[in-house]
Amino acid sequence: AQKVTQAQTEISVVEKEDVTLDCVYETRDTTYYLFWYKQPPSGELVFLIRRNSFDEQNEISGRYSWNFQKSTSSFNFTITASQVVDSAVYFCALSEAGSEKLVFGKGMKLTVNP
Amino acid sequence: DSGVTQTPKHLITATGQRVTLRCSPRSGDLSVYWYQQSLDQGLQFLIQYYNGEERAKGNILERFSAQQFPDLHSELNLSSLELGDSALYFCASSVVASGYNEQFFGPGTRLTVL
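Residues numbered from 1 in each chain as written. Chains lettered and ligands numbered in written order. Predicted model: local features only at pLDDT ≥ 70, side-chain atom pairs only at ≥ 80, totals over all residues. Heavy atoms only, no water.

Asks: Which residues make up the pattern of salt bridges, and what values go with them?
Replies: Residue and element names in this part refer to chain A. Going through the model one piece at a time under the given rule, you end up with 8 salt bridges over all chains. For Asp55, the salt bridge goes to Arg51, with nearest N and O atoms at 3.4 Å. Given the relative accessible area of 7%, Arg51 is considered buried. By sharing partners, the salt bridges in this structure join Arg51, Asp55 and Glu59 into a single network. (Salt bridge = Lys/Arg side-chain N within 4 Å of Asp/Glu carboxyl O. Buried < 20%, exposed > 50% of the residue type's maximum accessible area, 1.4 Å probe, protein only.)

Asks: How would you sum up the interface of chain B and chain A? Please name residues and give values.
Replies: Listed by partner, the interface residues are 21 residues for chain B and 18 residues for chain A. Across the chain B to chain A interface the summed buried area is about 1,700 Å²; carbon plus sulfur atoms make up 57%. There are 1 salt bridge connecting chain B and chain A. Residue Glu102 of chain B is joined to Arg50 of chain A by a salt bridge in which the shortest nitrogen-to-oxygen separation is 2.3 Å. Linking chain B to chain A there are 4 residue pairs in polar contact (both at pLDDT 80 or more). At the level of secondary structure, the elements contributing two or more residues to the side of chain B that touches chain A comprise β4 (31-38), β5 (42-50) and β9 (87-94) of chain B. A class-by-class count of the residues in the side of chain B that touches chain A yields 10 nonpolar, 8 polar and 3 charged. (Contact = heavy atoms within 4.5 Å. Buried area = accessible area lost by both parts, 1.4 Å probe. Polar contact = N/O pair within 3.5 Å; in protein donor to acceptor, adjacent residues only side chain to side chain. Helix = DSSP H or I, 4+ residues; strand = E, 2+ residues; numbered from the N terminus. Nonpolar A, V, L, I, M, F, W, Y, C, P; charged D, E, K, R; others polar.)

Set out below in structure tokens:
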């Protein structure tokens, strides 16, 4: 069965601090895909990144970086030099090959204070 | 703007009533997904359609049904509404039905059942 765990429910930081959002997943499949989505206060879900299970390379996009480690079944997301606009709920999600549905974690609310 | 549109944005209705939520996928996307976001259950997959055919079912109640029309827009019908059906309902679309493809989410329809 698929499962995504985001142990942190809420984090509050001050602008310019670095913050890491943890994501641990469970799946029996060898082929699977991991995603991060952002839900700002306006409510829409914004796609951030996709990773497949065969690609363990870390990825950096501006102030965002992602660390995928199969050995620990984790796909963590780091925001460097956080900004107030980063305040949102962040969701980690998993889909398995052959099953297109996304299984989401409970989400982590990040508040960045000026 | 993801390119996925949902109407209405807000819906307030009474218990026992029936409502229809509408979704237009991104241009060219054949696959449509419906998700429910509630405080209790988080983000949960309800149902998926691909090119007019039902493709996968999740935790969708029997009181709920959906369809995808020839022009690829989709409707989610919720009947005999209960207080617990109050939630944010998202539609998402992707190019093909594959776990690999990121899903792009609409702005959601917030349903309030009084």
